[in-house]
Amino acid sequence: MKDLKAIILGILVGLPVLVILFAFGVYYLGCGTNNTCYGAAAPLGTPIPTLIPASLPAPKVGADAAPLKPRCHVAALDLLGAWVSAGYQETEPFHFTDVTGLDCTANFKDDVQMLFITPNVWYDGAPACTTCHYADVIKATKNMDLSSYAGILAGSGRANAEPKGNDILGGGTWDQALLYAMLYAPDGKTTINRPAMPLGRPANVPAKGPVIAAGIPPAQ
Ligand code: HEC
């Protein structure tokens, strides 16, 4: 009987004490000791972001994806002429003046070679020079290989695959070069009464060929 009384008393006293301690604890955690109850305030925003903030620039697509390096623009024959006049080097860069008068820099591999090996450059539907003037010089038209630097320098008429044929680069004098004579074609006609290159070239292709993107402009 005494035990029961003690238990009841314990509960009667202990429970309110626990309740008070609990309430105080909650208040303390929420409000600390200085009565500012920020701890109890609802957190700002949702903890899991539902939307990615729209602060990033929009992703780029298509032509904008990679920033294009600035190019110069020049008529195909002016580019070839600058290369030949500068001594037709394979790796040395050379200078040319582009259509806006900039002093631009180009080299054989990046700028000149594509005029020989790429279709659709001289006009829409144009075959590459190498369609006819390819590496197998014994079979190639005019026994001439325009597919490589060495082939261009070796020239035409290499029926037995001679290392050196007829120079088509005029020895570095562009307006004397057979290459120039076969490519300079006002109204689609060369001035030497031979078919303009690429063979089948329509009359509406500019005399000095198309203006192409080539080389790089001077550093700003
Ligand atoms: C569809 C074939 C074909 C294509 C493509 C072609 N040529 Fe020719 N090329 C010929 C033929 C055919 C001749 C001979 C023309 C003639 O009868 O005078 C020739 C001749 C030449 C000659 C003169 C060679 C010599 O010693 O007489 C040069 C230089 C030349 N081509 C350069 C080029 C260049 C540069 C290109 C590309 C821009 C090109 N050719 C594209 C067929 C082609």
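Details of the structure are given in the entry above.
Residues numbered from 1 in each chain as written. Predicted model: local features only at pLDDT ≥ 70, side-chain atom pairs only at ≥ 80, totals over all residues. Heavy atoms only, no water.

A. Spatial organisation of the state of the cysteines. One pass over the structure, following the stated rule, counts 1 disulfide. Disulfide pairing is shown between Cys72 and Cys104; the S-S distance is 2.0 Å. Here Cys72 and Cys104 share a disulfide; its torsion about the S-S bond, -90°, makes the bridge left-handed. Taken together, the residues span a long stretch of sequence, with Cys72 in strand β1 (residues 72-75) and Cys104 in strand β3 (residues 103-106) at a distance of 32 residues. (Disulfide = S-S within 2.5 Å. Helix = DSSP H or I, 4+ residues; strand = E, 2+ residues; numbered from the N terminus.)

B. Representation of the nonpolar core in the model. Counting 38 residues, the largest nonpolar core has Leu79, Trp83, Phe96 and Trp122 as the members making the most contacts within it. No other element matches helix α2 (residues 76-85), which puts 7 residues into this core. Beyond its immediate sequence surroundings of up to four residues, Leu79 is in contact with Val74, Phe94, Phe96, Ala106, Asp111, Val112, Leu115, Ile212 and Ala214. (Core = buried A, V, L, I, M, F, W, Y, C linked by side-chain atoms within 4.5 Å. Buried < 20%, exposed > 50% of the residue type's maximum accessible area, 1.4 Å probe, protein only. Contact = heavy atoms within 4.5 Å.)

C. Local environment of the coordination of the iron atom of the ligand. Ligation of the iron atom of the ligand by protein atoms is provided by His133 (NE2) and Met197 (SD), these donors lying 2.0 to 2.2 Å from the ion. For His133, a relative accessible area of 8% puts it in the buried group. (Donors = N, O, S within 2.8 Å, 3.2 Å for Na, K, Ca; no water.)

D. Here's a closer look at the site of the ligand. Around the ligand sit 21 residues in total, of which Cys129, Cys132, His133, Ser156 and Met197 are the nearest. The side chain of Ser156 places a nitrogen or oxygen atom 2.5 Å from an oxygen atom of the ligand. Of the residues in the shell around the ligand, the class split is 16 nonpolar, 3 polar and 2 charged. (Near = heavy atom within 4 Å. Polar contact = N/O pair within 3.5 Å; in protein donor to acceptor, adjacent residues only side chain to side chain. Nonpolar A, V, L, I, M, F, W, Y, C, P; charged D, E, K, R; others polar.)

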